[in-house]
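Summary of structural features
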Amino acid sequence: MDNTRMPGSHRNMSKIPKWTYDEMKQTGVDYASVEEVQRYDEMHQRFRDYEKDSDAIIKLLELNSKSTVIDMGAGTGAFALHSAKHCRKVYAVDVSSAMLNRCRKKVEEMGLSNVLYCHGGFLTYEHEAEPADAMVSIAVLHHLPDFWKLVGLTRAAEMLKAGGRFFLFDIVFPPEATELEDRINTWIRSIAKQSGRELAAEAEIHIREEYSTYDWIMEGLLERAGFEIENAEYGDGFQATYICIRR
Ligand SMILES: C[S@@+](CC[C@H](N)C(=O)[O-])C[C@H]1O[C@@H](n2cnc3c(N)ncnc32)[C@H](O)[C@@H]1O
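The following paragraphs examine the structure supplied in this document. Predicted, not measured: the structure shown is a model, and the values here were computed from it.

How each quantity is defined
Residues numbered from 1 in each chain as written. Predicted model: local features only at pLDDT ≥ 70, side-chain atom pairs only at ≥ 80, totals over all residues. Heavy atoms only, no water. Salt bridge = Lys/Arg side-chain N within 4 Å of Asp/Glu carboxyl O. Helix = DSSP H or I, 4+ residues; strand = E, 2+ residues; numbered from the N terminus. Buried < 20%, exposed > 50% of the residue type's maximum accessible area, 1.4 Å probe, protein only. Expected span 1.5 Å × (residues − 1). Contact = heavy atoms within 4.5 Å.

This part takes up the pattern of salt bridges. Inspection of the entire model under this criterion finds 15 salt bridges. Where E198 meets R39, a salt bridge forms, and the shortest distance between an N and an O atom there is 2.7 Å. Note that E198 is positioned in helix α7 (residues 197-209) and R39 in helix α1 (residues 34-47), a separation of 159 residues in sequence. We classify R39 as partly exposed; its relative accessible area is 24%. A single salt-bridge network, built from bridges that share partners, covers E36, R39, R46, E198 and E202.

Below, the discussion takes up helix α4 (residues 97-109). Between its terminal C-alpha atoms α4 stretches 18 Å, which fits the 18 Å expected from 13 residues at 1.5 Å a residue. Along α4, the residues that are buried comprise A98, M99, L100, C103, R104, K106 and V107. Downstream of α4 by one or two residues, G111 has phi in the positive range, about 75 degrees.

Within the fold, I171 resides in strand β6 (residues 160-171). A sequence separation of 147 residues divides I171 from M24, and the C-alpha atoms of the two residues are 21 Å apart. Those residues in contact with I171 that sit more than four places away from it in its chain are W187, H206, S212, T213, G237, F238 and Q239.

Laid out in C-alpha coordinates, this is it:
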(Lines give C-alpha, C1' and ligand atoms only; values in the text may rest on other atoms or scores of the structure.)
Protein backbone atom coordinates (compact mmCIF):
# COMPACT_ATOMS: atom_id res chain seq x y z
CA MET A 1 0.00 0.00 0.00
CA ASP A 2 1.27 3.47 -0.83
CA ASN A 3 1.02 5.48 2.35
CA THR A 4 2.86 8.55 1.08
CA ARG A 5 0.61 11.54 1.48
CA MET A 6 1.14 13.41 -1.75
CA PRO A 7 0.62 17.14 -2.38
CA GLY A 8 -2.27 17.43 0.11
CA SER A 9 0.14 17.05 3.01
CA HIS A 10 2.39 19.77 1.72
CA ARG A 11 1.80 23.51 1.46
CA ASN A 12 0.82 24.61 -2.02
CA MET A 13 4.20 25.79 -3.34
CA SER A 14 2.67 28.53 -5.51
CA LYS A 15 1.21 30.11 -2.34
CA ILE A 16 4.51 30.17 -0.44
CA PRO A 17 6.08 33.68 -0.46
CA LYS A 18 9.48 33.98 -2.18
CA TRP A 19 11.09 35.14 1.06
CA THR A 20 10.25 31.87 2.84
CA TYR A 21 13.22 29.79 4.03
CA ASP A 22 13.71 26.75 1.80
CA GLU A 23 13.70 23.89 4.27
CA MET A 24 14.13 21.36 1.45
CA LYS A 25 17.62 22.72 0.83
CA GLN A 26 20.14 20.62 2.73
CA THR A 27 22.44 22.39 5.19
CA GLY A 28 25.37 20.56 6.79
CA VAL A 29 25.08 16.79 6.28
CA ASP A 30 23.29 16.01 2.98
CA TYR A 31 20.32 13.82 3.96
CA ALA A 32 18.98 13.94 0.40
CA SER A 33 21.70 11.55 -0.74
CA VAL A 34 20.84 7.83 -0.69
CA GLU A 35 24.44 6.89 0.20
CA GLU A 36 24.49 9.41 3.05
CA VAL A 37 21.17 8.07 4.38
CA GLN A 38 22.48 4.52 4.43
CA ARG A 39 25.70 5.65 6.13
CA TYR A 40 23.65 7.64 8.68
CA ASP A 41 21.40 4.72 9.57
CA GLU A 42 24.21 2.20 9.87
CA MET A 43 26.35 4.53 11.96
CA HIS A 44 23.52 5.57 14.30
CA GLN A 45 22.54 1.97 14.95
CA ARG A 46 26.06 1.35 16.23
CA PHE A 47 25.61 3.75 19.15
CA ARG A 48 21.81 4.12 19.57
CA ASP A 49 19.19 1.59 20.57
CA TYR A 50 16.22 2.83 18.50
CA GLU A 51 13.72 0.48 20.13
CA LYS A 52 14.74 1.19 23.72
CA ASP A 53 14.81 4.95 23.11
CA SER A 54 11.38 4.91 21.41
CA ASP A 55 9.83 2.83 24.18
CA ALA A 56 11.11 5.33 26.76
CA ILE A 57 9.55 8.25 24.81
CA ILE A 58 6.22 6.39 24.40
CA LYS A 59 6.16 5.91 28.17
CA LEU A 60 7.10 9.52 28.92
CA LEU A 61 4.40 10.86 26.61
CA GLU A 62 1.86 8.28 27.85
CA LEU A 63 1.02 7.17 24.31
CA ASN A 64 -1.10 4.08 23.68
CA SER A 65 -2.99 2.18 20.99
CA LYS A 66 -5.46 5.08 20.60
CA SER A 67 -2.79 7.74 20.11
CA THR A 68 -1.73 9.55 16.95
CA VAL A 69 1.79 10.94 16.83
CA ILE A 70 3.72 13.08 14.37
CA ASP A 71 7.43 12.26 14.03
CA MET A 72 8.80 15.55 12.68
CA GLY A 73 12.06 14.88 10.84
CA ALA A 74 11.51 11.13 11.09
CA GLY A 75 14.70 10.28 9.21
CA THR A 76 15.14 6.54 8.71
CA GLY A 77 12.42 5.78 11.26
CA ALA A 78 14.39 5.62 14.51
CA PHE A 79 11.23 6.59 16.40
CA ALA A 80 8.46 5.99 13.81
CA LEU A 81 9.35 2.35 13.34
CA HIS A 82 8.98 1.30 16.96
CA SER A 83 6.25 3.76 18.00
CA ALA A 84 4.01 2.30 15.25
CA LYS A 85 3.83 -0.90 17.30
CA HIS A 86 2.22 1.00 20.18
CA CYS A 87 0.23 3.84 18.56
CA ARG A 88 -2.80 3.99 16.30
CA LYS A 89 -1.17 6.13 13.65
CA VAL A 90 2.28 7.62 13.10
CA TYR A 91 2.87 10.47 10.65
CA ALA A 92 6.50 10.21 9.55
CA VAL A 93 7.33 13.67 8.19
CA ASP A 94 10.65 14.56 6.57
CA VAL A 95 12.03 16.96 3.96
CA SER A 96 14.23 14.17 2.57
CA SER A 97 12.58 11.58 0.30
CA ALA A 98 15.69 9.41 0.61
CA MET A 99 15.22 9.29 4.40
CA LEU A 100 11.49 8.55 4.06
CA ASN A 101 12.13 5.76 1.55
CA ARG A 102 14.49 4.00 3.94
CA CYS A 103 11.99 4.50 6.76
CA ARG A 104 9.20 3.00 4.64
CA LYS A 105 11.32 -0.01 3.70
CA LYS A 106 12.05 -0.77 7.35
CA VAL A 107 8.44 -0.30 8.43
CA GLU A 108 7.22 -2.61 5.66
CA GLU A 109 9.77 -5.24 6.66
CA MET A 110 8.20 -5.16 10.12
CA GLY A 111 4.77 -5.77 8.56
CA LEU A 112 3.28 -2.52 9.91
CA SER A 113 0.77 -0.45 7.94
CA ASN A 114 -0.12 2.40 10.30
CA VAL A 115 2.69 4.79 9.29
CA LEU A 116 1.93 7.62 6.85
CA TYR A 117 4.93 9.07 5.02
CA CYS A 118 4.72 12.82 4.52
CA HIS A 119 7.21 14.73 2.42
CA GLY A 120 7.46 18.11 4.18
CA GLY A 121 8.80 19.68 7.32
CA PHE A 122 8.32 22.16 10.15
CA LEU A 123 7.58 24.92 7.61
CA THR A 124 5.71 23.07 4.87
CA TYR A 125 3.89 20.04 6.29
CA GLU A 126 0.12 20.53 6.50
CA HIS A 127 -1.48 18.28 9.09
CA GLU A 128 -4.91 17.82 7.53
CA ALA A 129 -6.07 15.08 9.91
CA GLU A 130 -7.47 15.68 13.41
CA PRO A 131 -4.94 17.34 15.76
CA ALA A 132 -2.44 14.78 16.99
CA ASP A 133 -1.91 13.62 20.57
CA ALA A 134 1.82 14.20 20.39
CA MET A 135 4.79 15.25 18.31
CA VAL A 136 8.32 13.87 18.60
CA SER A 137 11.28 15.58 16.96
CA ILE A 138 14.76 14.19 17.44
CA ALA A 139 17.84 16.09 16.22
CA VAL A 140 15.95 18.12 13.60
CA LEU A 141 15.18 21.67 14.73
CA HIS A 142 18.83 22.77 14.43
CA HIS A 143 18.33 22.65 10.64
CA LEU A 144 16.35 25.90 10.88
CA PRO A 145 17.79 29.35 11.73
CA ASP A 146 16.22 30.84 14.89
CA PHE A 147 13.74 33.10 13.11
CA TRP A 148 12.34 30.04 11.32
CA LYS A 149 12.50 27.85 14.43
CA LEU A 150 9.74 29.97 15.95
CA VAL A 151 7.67 29.76 12.77
CA GLY A 152 8.13 25.97 12.72
CA LEU A 153 7.41 25.50 16.43
CA THR A 154 4.27 27.65 16.20
CA ARG A 155 3.05 25.50 13.31
CA ALA A 156 3.95 22.38 15.32
CA ALA A 157 1.85 23.54 18.29
CA GLU A 158 -1.10 24.09 15.96
CA MET A 159 -0.90 20.46 14.79
CA LEU A 160 -1.50 19.21 18.35
CA LYS A 161 -4.56 18.92 20.56
CA ALA A 162 -4.71 21.30 23.53
CA GLY A 163 -2.84 19.38 26.22
CA GLY A 164 -0.96 17.40 23.54
CA ARG A 165 2.67 16.60 24.25
CA PHE A 166 5.84 17.56 22.41
CA PHE A 167 9.12 15.69 22.89
CA LEU A 168 12.02 17.69 21.53
CA PHE A 169 15.62 16.51 21.51
CA ASP A 170 18.42 18.54 19.98
CA ILE A 171 21.91 19.93 20.40
CA VAL A 172 21.53 23.18 22.35
CA PHE A 173 24.36 25.33 23.72
CA PRO A 174 24.85 26.63 27.26
CA PRO A 175 24.02 30.31 27.89
CA GLU A 176 27.39 32.04 27.38
CA ALA A 177 29.82 31.90 24.49
CA THR A 178 32.86 31.89 26.81
CA GLU A 179 35.65 29.28 26.76
CA LEU A 180 34.00 28.08 23.61
CA GLU A 181 37.05 26.57 22.00
CA ASP A 182 37.85 24.41 25.02
CA ARG A 183 34.31 23.25 25.49
CA ILE A 184 33.67 22.42 21.87
CA ASN A 185 37.01 20.65 21.45
CA THR A 186 36.30 18.59 24.58
CA TRP A 187 32.87 17.69 23.19
CA ILE A 188 34.27 16.60 19.83
CA ARG A 189 37.03 14.54 21.49
CA SER A 190 34.49 12.77 23.71
CA ILE A 191 32.31 11.91 20.69
CA ALA A 192 35.34 10.52 18.86
CA LYS A 193 36.19 8.38 21.91
CA GLN A 194 32.66 7.10 22.55
CA SER A 195 31.21 6.79 19.04
CA GLY A 196 34.09 7.09 16.59
CA ARG A 197 35.74 9.62 14.30
CA GLU A 198 32.86 9.54 11.77
CA LEU A 199 30.35 11.01 14.24
CA ALA A 200 32.95 13.47 15.52
CA ALA A 201 33.37 14.79 11.96
CA GLU A 202 29.58 15.20 11.81
CA ALA A 203 29.70 17.20 15.04
CA GLU A 204 32.23 19.57 13.45
CA ILE A 205 29.91 20.08 10.48
CA HIS A 206 27.04 20.62 12.93
CA ILE A 207 28.81 23.46 14.74
CA ARG A 208 30.14 25.06 11.58
CA GLU A 209 27.13 24.87 9.26
CA GLU A 210 23.93 24.07 11.13
CA TYR A 211 21.85 26.25 13.46
CA SER A 212 21.90 24.92 17.01
CA THR A 213 21.02 27.73 19.41
CA TYR A 214 21.45 28.69 23.09
CA ASP A 215 19.33 27.09 25.84
CA TRP A 216 17.69 30.39 26.84
CA ILE A 217 16.68 31.05 23.24
CA MET A 218 15.24 27.55 22.87
CA GLU A 219 13.21 27.85 26.06
CA GLY A 220 11.86 31.25 24.95
CA LEU A 221 11.00 29.90 21.51
CA LEU A 222 9.06 26.96 22.94
CA GLU A 223 7.09 29.20 25.30
CA ARG A 224 6.29 31.78 22.62
CA ALA A 225 5.20 29.04 20.23
CA GLY A 226 2.43 28.03 22.66
CA PHE A 227 4.09 25.31 24.72
CA GLU A 228 4.54 24.99 28.44
CA ILE A 229 7.86 23.34 29.25
CA GLU A 230 7.14 20.53 31.68
CA ASN A 231 10.74 19.37 31.87
CA ALA A 232 14.03 20.58 30.37
CA GLU A 233 17.09 18.38 30.75
CA TYR A 234 20.57 19.40 29.66
CA GLY A 235 22.92 16.43 29.42
CA ASP A 236 26.57 15.98 28.57
CA GLY A 237 27.65 17.03 25.13
CA PHE A 238 25.15 19.86 24.63
CA GLN A 239 22.24 17.40 24.43
CA ALA A 240 18.92 18.90 25.43
CA THR A 241 15.58 17.18 25.94
CA TYR A 242 12.33 19.08 26.44
CA ILE A 243 8.95 17.63 27.36
CA CYS A 244 6.31 20.23 26.56
CA ILE A 245 2.55 20.54 26.74
CA ARG A 246 0.56 22.43 24.16
CA ARG A 247 -1.31 25.18 26.07
C1 LIG B 1 19.93 14.14 12.23
S2 LIG B 1 18.59 13.55 11.29
C3 LIG B 1 17.52 12.90 12.57
C4 LIG B 1 16.58 11.85 12.04
C5 LIG B 1 15.74 11.12 13.08
N6 LIG B 1 14.87 12.01 13.80
C7 LIG B 1 16.60 10.35 14.05
O8 LIG B 1 16.35 10.42 15.27
O9 LIG B 1 17.49 9.61 13.61
C10 LIG B 1 17.76 15.04 10.82
C11 LIG B 1 16.54 14.80 9.94
O12 LIG B 1 15.79 16.02 9.86
C13 LIG B 1 15.34 16.19 8.53
N14 LIG B 1 15.06 17.63 8.37
C15 LIG B 1 15.90 18.63 8.08
N16 LIG B 1 15.26 19.82 8.08
C17 LIG B 1 13.95 19.54 8.39
C18 LIG B 1 12.78 20.34 8.55
N19 LIG B 1 12.82 21.68 8.39
N20 LIG B 1 11.62 19.74 8.87
C21 LIG B 1 11.58 18.38 9.03
N22 LIG B 1 12.65 17.58 8.88
C23 LIG B 1 13.82 18.14 8.57
C24 LIG B 1 16.48 15.63 7.69
O25 LIG B 1 16.08 15.31 6.38
C26 LIG B 1 16.86 14.41 8.51
O27 LIG B 1 16.11 13.28 8.15
